[in-house]
Amino acid sequence: MIKPGKFHGNVVPLATPFTPEGKLDVAAAERIIHRLVDNQIGVFVLGTTGEAASIHGSLRTQLVETAVRTASGRVPVFAGVGDNCADDAIAAANSYLRQGVDAVVAHLPGYYQLEPAEMQAYFELLADATCGPLLLYNIPQTTGMSVPVDVVDRLSTRGNVIGFKDSENAPGRVEGVAARLAGRPDFSLFMGVARHSVKALRLGFDGLVPSSGNLAPELWRDLYTAARAGDWTRAEALQVQLDDVARVFQRDRSLAQSLAALKVAMESRGLCGSTVLPPLRPLDEAARTTIRRELQALGLS
């Protein structure tokens, strides 16, 4: 398979909006996606921020359809296919590609601890059975494993493995990934740790996947534009500003708690409701009040 053109820029991991009954809030999803498109930002559905592991298969399909239809080819649409069952991941990947996503994104299954050779074999299985572009995704926070750069390097030569999203926050990781994988004409590098965004772009990463893009897409648009223009002073200033936005929903919280807090922040901006799916739990009123107050102080209420 010949690789498609290189992807770059911001691709926001969509926080999936639900009704109080736990169904997909299609109107809210359309509203959030239109806002991303208006800021020239791609859409990544069924990622960690989107509570993908908690969503029923029929709702996943409905969300992919909504994203593809709403984006309407104006920005890239990626869909996550992480699953503990390889056959289910492959079936989802091919289904979403037939629905029209530009690429699918796969992380390791998280039940068994895998050695590097087993990681490589798993991704090779997915790549061989997937009928379109595949991005690899490293997220030790949920899988409990780090995909070695050597493994990604070997997989990057396969025809439909077109990129890598790295959400690992270990010291030296950004530099190590960039040294081995940046600058290739047919392989896209995406940074999944938002506070490392400017550093990653300086080192040659092609794009960013910031969860706070659900709240402030215009600031992420401006940061990427400044970086592309070489205006690193402006980019660094925006990084500081966006770190403050992220702290509103991430500070002193686990990953699960931060996703519930992000929903509260989005509700305060009129984007969607605050419903999260089990095992996530909604925040109490005191936490909600604090989030609303902090957003107001940042001018984002």
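See the structure above.
Residues numbered from 1 in each chain as written. Predicted model: local features only at pLDDT ≥ 70, side-chain atom pairs only at ≥ 80, totals over all residues. Heavy atoms only, no water.

Novice: What is the right way to look at the environment of Y96 in this model?
Specialist: By the secondary structure assignment, Y96 is in helix α3 (residues 86-99). Judged by relative accessible area, Y96 falls into the buried class, the value being 4%. Separated by 46 residues in the primary sequence, Y96 and T142 have C-alpha atoms spaced 23 Å apart. Discounting residues that sit within four places of it in the chain, Y96 has contacts with L46, R60, T61, V64, A79, G80, V81, V101 and V104. (Helix = DSSP H or I, 4+ residues; strand = E, 2+ residues; numbered from the N terminus. Buried < 20%, exposed > 50% of the residue type's maximum accessible area, 1.4 Å probe, protein only. Contact = heavy atoms within 4.5 Å.)

Novice: Looking at this model, I keep getting lost on the side chain of S258. Mind explaining?
Specialist: Counting through the fold element by element, S258 comes out in helix α11 (residues 255-268). A relative accessible area of 6% places S258 in the buried class. If we skip the residues at most four places from it in the chain, S258 touches F249, Q250 and R253.

Novice: I would appreciate a short explanation of the sheet that holds strand β4 (residues 103-107) in the present structure.
Specialist: Strands belonging to one sheet form pairs held by backbone hydrogen bonds; the direction of such a pair is parallel or antiparallel. Pairing is parallel in the closed barrel, where eight strands are placed in the order β1-β2-β3-β4-β5-β6-β7-β8. With three bridges connecting them, strand β2 (residues 42-45) and strand β3 (residues 77-80) associate as parallel partners. Its bridge partner being in β3, F44 is matched across the sheet by F78. Each of β4, β5 (134-138) and β6 (161-166) is contacted by helix α4 (residues 116-129), which is oriented at about 155 degrees to β5, the strand it contacts most. Each of β1 (9-13) and β8 (207-208) touches helix α9 (residues 217-228); the most contacted strand, β1, lies at about 155 degrees to it. (Pairing = 2+ DSSP bridges. Axes fitted to C-alpha atoms, helices over the stretch in contact; angles between N-to-C directions.)

Novice: It is not clear to me how unusual backbone geometry should be interpreted in this structure. Could you clarify?
Specialist: Put simply, P278 and P279 share a cis peptide bond, and its omega is 10 degrees. Tracing the backbone shows P279 in the loop between α11 and α12 (285-297). Even without a glycine there, the phi angle at L46 is positive, about 65 degrees. We note that S72 has phi near 50 degrees; this positive angle belongs to a residue other than glycine.

Novice: Any chance you could explain the packing of aromatic side chains here in plain terms?
Specialist: The description of two aromatic rings rests on the distance between their centres and on the angle between their planes. Taken as a whole and assessed by the stated rule, the structure comprises five aromatic pairs. On the numbers, 6.3 Å between centres and 75 degrees between planes, the contact of F44 with Y137 is edge-to-face. Taken together, the residues span a long stretch of sequence, with F44 in strand β2 and Y137 in strand β5 at a distance of 93 residues. Both residues of the pair, F44 and Y137, count as buried. Consider the rings of F78 and F190, whose centres lie 6.1 Å apart with planes at 85 degrees: the pair is edge-to-face. In this pair, F78 is assigned in strand β3 and F190 in strand β7 (residues 188-191), connecting sequence segments 112 residues apart. An identical accessibility class is assigned to F78 and F190; each is buried. (Phe/Tyr/Trp six-rings, centres within 6.5 Å; stacked < 30°, edge-to-face > 60°.)

Novice: Explanation requested: the pairing of β7 in the structure shown.
Specialist: One face of the sheet, then the other: side chains in a regular strand alternate in exactly this way. Side chains S188 and F190 project from β7 onto one buried face, and the interleaved L189 and M191 project onto a second face that is buried too. Bridge count for β6 against β7 is four bridges, and the pairing is parallel. Note that in β7 the partner of F164 across the bridge is L189. In this fold, β6 hands off to helix α7 (residues 173-181), which returns the chain to β7; that crossover is right-handed. Alignment of β7 against β8, held across two bridges, turns out to be parallel. Of the residues in β8, the one forming a bridge with F190 is G207. In terms of handedness, the path from β7 via helix α8 (residues 197-202) over to β8 forms a crossover that is right-handed. (Right-handed = clockwise from strand over helix to strand, strands pointing away.)

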